[in-house]
Amino acid sequence: MSQARDTQASERAAMEIRLHGRGGQGGVTCAKLLAAVYARLGKAVQTFGDYAGERSGAPIRAYTRVSDSPISNRNKLYQPDHLVVLDPTLLGPEVVSGLAEGGTLLLNTPLSPEAMAAQFGRFRLATVDATAIARKHGIGTRSVVIVNTTLAGAFARALDLPLEVLEAAYRELGFESNVPAAREAYSALRVREAPAGGGRLPRPAVLPGLPAVLPLSEHKEGPPTGLKTGSWRTQAPFYLRNPAPCSVRCPAGNDVVGFVQALARSGEAAAAEVLGRTTPLSAVCGRVCPAPCMEGCNRRELDGAVNVRGLERWIAERVPVAVRAAPAHPSPRRIAIVGGGPAGLSAAYVLATAGHRPIIFEAERELGGVLRTGIPTYRLSRAALDGEIDSILRLGVEVRSGQKVDRARIPELARAHDALLIATGLQRLRRVDGPGEALSGVEQGIHFLRRINLGEKARLSGAVVVLGGGNTAMDCARSALRAGAAKVTVVYRRTRAEMPAIAEEIDQAVEEGVELVFLRQPLGFAGAGKLEAVELAEVELGPPDASGRRRPVTTDRKTSLGCDLALLALGQSADASLLPAGWKLEAGRAHADGRPLNVFAAGDFSTGEGTVAHAIGDGRRAAQRALAALGLEAEVWAPPDAPKAVRPQDVRMGHFEGRPPAHEPTAPAAERVHNFEEVGRGLRDGAEARRCFSCGDCTSCDTCLVYCPEGIIRRKGTAYEVDLAFCKGCGICVAECPRKAMEMRAS
Amino acid sequence: MSRELVSANHAAAMAAVLAARANRSGRGFGSGVYPITPQTECIELLCEEEIEKGQVVRVESEHSAMAVCIGFSLGGARTFTASSSNGLAYMAENVFNAAFYRLPVVMMAVNRTLGPPWNIWVDHGDTLMLRDAGWVQLYCEDNQEVADTILAAYRLGEDPRILLPVMVCQDAFILSHTMMLTDFPEQPEVDAFLPPLELPHRLTDRPRVVGGLDFPRETEVHRIQHANAMALVPEVYREVQATFRSRFGRALADPVVPYRVEDAEMLLVSMGTTASTVRTVVDRARERGIRAGALRLRMFRPFPEEALRGYLAGRARVGVLDRNLCPGLGGIVWAELRGVAPPGCLVQGYVLGMGGGDIRPEHVERVLQDLTSRQRAGEPSFVEVGS
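Residues numbered from 1 in each chain as written. Chains lettered and ligands numbered in written order. Predicted model: local features only at pLDDT ≥ 70, side-chain atom pairs only at ≥ 80, totals over all residues. Heavy atoms only, no water.

> In this structure, what is going on with the domain arrangement of chain A? I would like to understand it.
It is common to give the size of an interface as the accessible area that goes away when the parts come together. With domains assigned, chain A is organised as domain 1 (12-192), domain 2 (230-241 + 698-746), domain 3 (334-427 + 574-629) and domain 4 (457-568). Computed over C-alpha atoms only, the centres of domain 2 of chain A and domain 4 of chain A are separated by 57 Å. (Domains from an automatic or database assignment.)

Structure follows, in structure tokens:
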């Protein structure tokens, strides 16, 4: 009947540690970590927290007892041997009460032990900036830094506990990832020994007096607001705008989340105003952009990306975007732009709206460049294109069409104008470089598309083979079908997953009857006087190349594909020979003999990126560079850092209801394959904008206000006001913000 | 065996899971749970565990939590739930039902002060409110005892001579949230200690009515049977202690745990963790030459009358420390203990530590001082503890 723990209540050789922190800082877990370390050293341990219902931010205590014999003392700790203070704002006489003179006082503070000595010099002082270390190592919740595991590392150093035992305890409790921070705190700890002669104060035998308590039948004076919980705070919530992934990824530099939210909140006029800040070609991009914004859309993780492309078209069809007329500049400059494609048009738009005089030199009869000659009308109606070009020209843009500018004329144009922009796009076309390429029936796809798009007669029959996997290949294939080809086959050297073409374009091509053949590399062309077949080699996929895609490896196995027309869509590049001899491009600006010229490259000619959106963005940059070079202080736009954008894990998906994306209706495949009318019919309404999470941009959704446990966030118009007298700094508002439009900052 | 640094809440859950898995070769395990401070961690851990042939149902109230346990138990499954304070009050109707159906449900109850005004800390008023519900009630003093008592409760309650639910009680925060090193047996050891439950009256595929109308004669007999089963508990508990020791290699505490009683003139009687502090004071008193001893009342239902009579025989003074109050009567343990004290023994009641005040040795010293200086017993005495 006698049992060890019931026969002798021994408290011999006991050591007691008391921790002071705030709810949410992890004081209880810190005490547990210390207990786990001593348990590993073979000691009996006991650890517990001491708190009420205030939760986050409220002062709490936690205790750890360590003993060589079983522990049966279940009282709180009134006479600790060591004290750990997680939050320096708690420091005061009450916190150190009962600590033996010479006992260790471990403080989380950037201050040195010497700086604390005036007040607490009778104790052994140890300090470490655990908050800075924990923040550096990213330890904490969605909103607040948590210092407990870091500080435990410092404690180990202060009490000379072996680091490897500490690390083992971290592993056991699942804090392995916090070990580096603990290790850093271990070595960063600074200690000031207590003066000699200190000793434990005598244990007070007298119990403290008890306060009087009013009977429940009497009114208790003082509402709960008497407790100014703001004094508990070390961090406070701030509202801010974080970059959204859609905007960060837009090659044109559009404020994507801005225009979508403007549409959702204020309508299409407000949305068009946002778009017009960066692009004059929304009707175009709303149809043909590959939409990297949608690839980056955080809503993909919930139920599908917001149909941003569809929304941009929807806005542009209702409100002309490019109408930002500006007063003439006091000394307007004449700036020549070679090439009237998207980059040239974008540059002209920037210059015209800044009050200058852009002059576009265009080889074709009409402006638009590849938008007119390359992109088929079933993807981009000429009414939409012409409308936007007209809007740009109405801002005061001169046009010299039908004038092909060659290398010889470039220096002359540069001399005759304040600056010159070259935006000629990708004029050099890749070839197969195999036998039979000169046969009748072998044609560059770009040339084929130009014939079709400019209305030249191009009636086809028989079988057509398109070589390539990009948007030009898709355009060739689908145009060939519409022009009467009996059969169209696209041959690509990799697989569907690697095709650079927009996924919807591929889907629509397949719906229309285009056949896709993968893993074939063209070698040459066969035929007697006229093309009869394309010679192909079979391809296998090898290890990934620099682009991360698996490199195609050509085998000796050969096949032949019979056809009447072969269209080459193998890629394009800039024609650098347009630059006069001795000229060199550096960061988009031409230099001669190492001296900068007021000649700038714009769009694909400069970057080779090959999308309308890139061309718009770089056209703007080139125009801004030119203005900056002329001393006109234009701000040059730079693509923002993608890593800073709001990530899916930053979005509180649970605050959003699932609703699948809205898709544009399209003409039935069987019908549309017989004509060149636009396939996409545009979204039915703008409701899709309401699916936008508004990543990083406050929508005044009141979630912070609703979740604040203190009820001290108030609406002020569309913004919020936090009553700092009561804000505990718990971080719940920040953790619950659905869109990361808030963050905690030291206060 | 494994040794873990865990709170008594987790210790209870871990022991319940061991017991649950031990019934996998029988009719499995079922549980209905509803959270309440300071019990929540216990059922959170239970919900995280994967238990073969086991199901934990998260319900909307304590009343339903016990109803789910009753259903599972009637179906022959081993069951477990946990609650506290006002949760127990809301559960009360079904607490009685479980006992009157004679179902060996095991419930871990964290002793928390009943509100309002609200208080989340320990006193024993909540489970003592259910002292007439027909359950076995065991009160624990440390984390190890919580784990061990949960395992023992199944062995005891499921014994075919008993078939009663068992409430395993522990002090809020002082145990529930305090982490200490606790030993847990391996599953095969528990399997051997807890054979599959065979509930004789479990429901089968032959439909029948359970708990319909009892006429006076039937109720009278059922109550007498209930009383007889309770009367057998001390004897069966002794058997459980023996099996426990042989299986797990450590002792399971007695229904009444004595401390330095051999030559004691006076005894201090308490329940739960108060007993730890009492022992410290007994040691100090002995140093001063006072022949003091202590009893810890571990089993409150059935009331261990025989054991208590044995310990109280020949003592001049007994002080009872109640961490509860029955207004209009006094401390409940004191009230019940008076009836088993020998003639001439001074039995004085002290009420202290209600609402979770930290009962320190200094408070118990006051009790001892009062007890030694007293000429005769009086009204229950309140010792105010504060925070």
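Continuing now.
> Any chance you could explain the sheet that holds strand E1 (residues 2-7) of chain B here in plain terms?
As a general point, the strands of a sheet are linked pairwise by backbone hydrogen bonds and lie either parallel or antiparallel. The strand order E7(A)-E6(A)-E5(A)-E4(A)-E1(A)-E3(A)-E2(A)-E8(B)-E1(B) describes an open sheet built from 9 strands, whose pairing is mixed. Both edges of this open sheet fall to strand E7 (190-192) of chain A together with E1 of chain B, since each of them pairs with a single strand only. Put simply, the sheet's adjacent strands are angled 20° from each other on average, direction ignored. Inspection of the sheet shows strand E4 (residues 82-85) of chain A paired to strand E5 (residues 104-108) of chain A by 4 bridges, in the parallel sense. The residue bridging Leu-83 of chain A from the neighbouring strand is Leu-105 of chain A, located in E5 of chain A. Strands strand E1 (15-22), strand E2 (44-50) and strand E3 (59-67) of chain A together with E1 and strand E8 (179-184) of chain B of the sheet are contacted by helix H2 (residues 27-40) of chain A, whose axis makes an angle of about 10° with E3 of chain A. Strand contacts of helix H4 (residues 113-120) of chain A: E5, strand E6 (124-128) and E7 of chain A, with the helix running at about 140° to E6 of chain A, the strand carrying the most contacts. (Pairing = 2+ DSSP bridges. Helix = DSSP H or I, 4+ residues; strand = E, 2+ residues; numbered from the N terminus. Axes fitted to C-alpha atoms, helices over the stretch in contact; angles between N-to-C directions. Contact = heavy atoms within 4.5 Å.)

> Would you take a moment to explain the sheet that holds strand E15 (residues 463-467) of chain A for this structure?
Residue and element names in this part refer to chain A. Pairing in this open sheet of 5 strands is parallel, and the strands run E14-E21-E15-E16-E17 from one edge to the other. Since the sheet does not close on itself, it has two edges, and those belong to strand E14 (442-444) and strand E17 (515-518), each with one partner. This sheet shows a mean twist of 25° between the axes of neighbouring strands, independent of strand direction. With 5 bridges joining them, E15 and strand E16 (residues 487-492) adopt parallel strand pairing. Directly across from Leu-467, in E16, lies its bridge partner Val-491. The strands that helix H19 (residues 445-453) touches are E14 and strand E21 (565-568); relative to E14, the one it contacts most, it runs at about 80°.

> Which parts of the structure should I look at to understand the domain arrangement of chain B?
All names here are of chain B. Here chain B is partitioned into domain 1 (2-248) and domain 2 (257-383). One C-alpha centre belongs to domain 1, the other to domain 2; they are set 28 Å apart. If you look at the interface, domain 1 gives 26 residues, while domain 2 gives 22 residues. With both sides pooled, the region where domain 1 packs onto domain 2 buries about 2,100 Å², and carbon together with sulfur makes up 56% of that total. In terms of surface lost to domain 2, no three residues of domain 1 exceed Arg-131, Tyr-139 and Glu-141, which account for 31% of the buried area on that side. At the boundary of domain 1 and domain 2, one finds 5 salt bridges. Between Glu-141 and Arg-296 there is a salt bridge, with its nearest N and O atoms 2.9 Å apart. Seen at the junction of domain 1 and domain 2, the total is 17 residue pairs in polar contact (both at pLDDT 80 or more). (Buried area = accessible area lost by both parts, 1.4 Å probe. Salt bridge = Lys/Arg side-chain N within 4 Å of Asp/Glu carboxyl O. Polar contact = N/O pair within 3.5 Å; in protein donor to acceptor, adjacent residues only side chain to side chain.)

> Can you walk me through the pattern of salt bridges in this structure?
Scanning the model with the defined rule gives 74 salt bridges over all chains in all. For the salt bridge of Asp-263 of chain B with Arg-286 of chain B, the shortest nitrogen-to-oxygen distance reads 2.8 Å. Taken together, the positions of Asp-263 of chain B in the loop between strand E9 (256-259) and strand E10 (266-270) and Arg-286 of chain B in helix H9 (residues 274-287) put the pair 23 residues apart, joining distant regions of the chain. Here the salt bridges do not stand alone but share partners, grouping Arg-379, Asp-475, Arg-478, Arg-482, Glu-505, Glu-511, Glu-512 and Arg-672 of chain A into one network.

> Any chance you could explain the confidence of the model for chain A here in plain terms?
Note that predicted coordinates carrying low pLDDT should not be read in detail. The share of residues in chain A with pLDDT of 70 or more is 95%, and the mean pLDDT across the chain is 90. In this model, residues 1-12 of chain A is a region of pLDDT below 50 whose contacts with residues beyond four sequence positions or in other chains number 32 contacts. (pLDDT = per-residue confidence, 0-100.)

> Is there a simple way to think about unusual backbone geometry in this case?
Trans is the common state for peptide bonds, and a negative phi is the common state for residues other than glycine. Of note, the amide linkage connecting Gly-115 of chain B to Pro-116 of chain B takes the cis form, showing an omega dihedral of 0°. Note on placement: Pro-116 of chain B falls in the loop between strand E5 (106-111) and helix H5 (125-128). A cis amide bond, omega -5°, links Arg-301 of chain B with the succeeding residue Pro-302 of chain B. Tracing the chain through its elements places Pro-302 of chain B in the loop between strand E12 (299-301) and helix H10 (305-312). Unlike most non-glycine residues, Asp-160 of chain A shows phi in positive territory, near 65°. Its location among the elements puts Asp-160 of chain A in the loop between helix H6 (148-158) and helix H7 (163-172). For Asp-160 of chain A, a relative accessible area of 66% puts it in the exposed group. (Buried < 20%, exposed > 50% of the residue type's maximum accessible area, 1.4 Å probe, protein only.)

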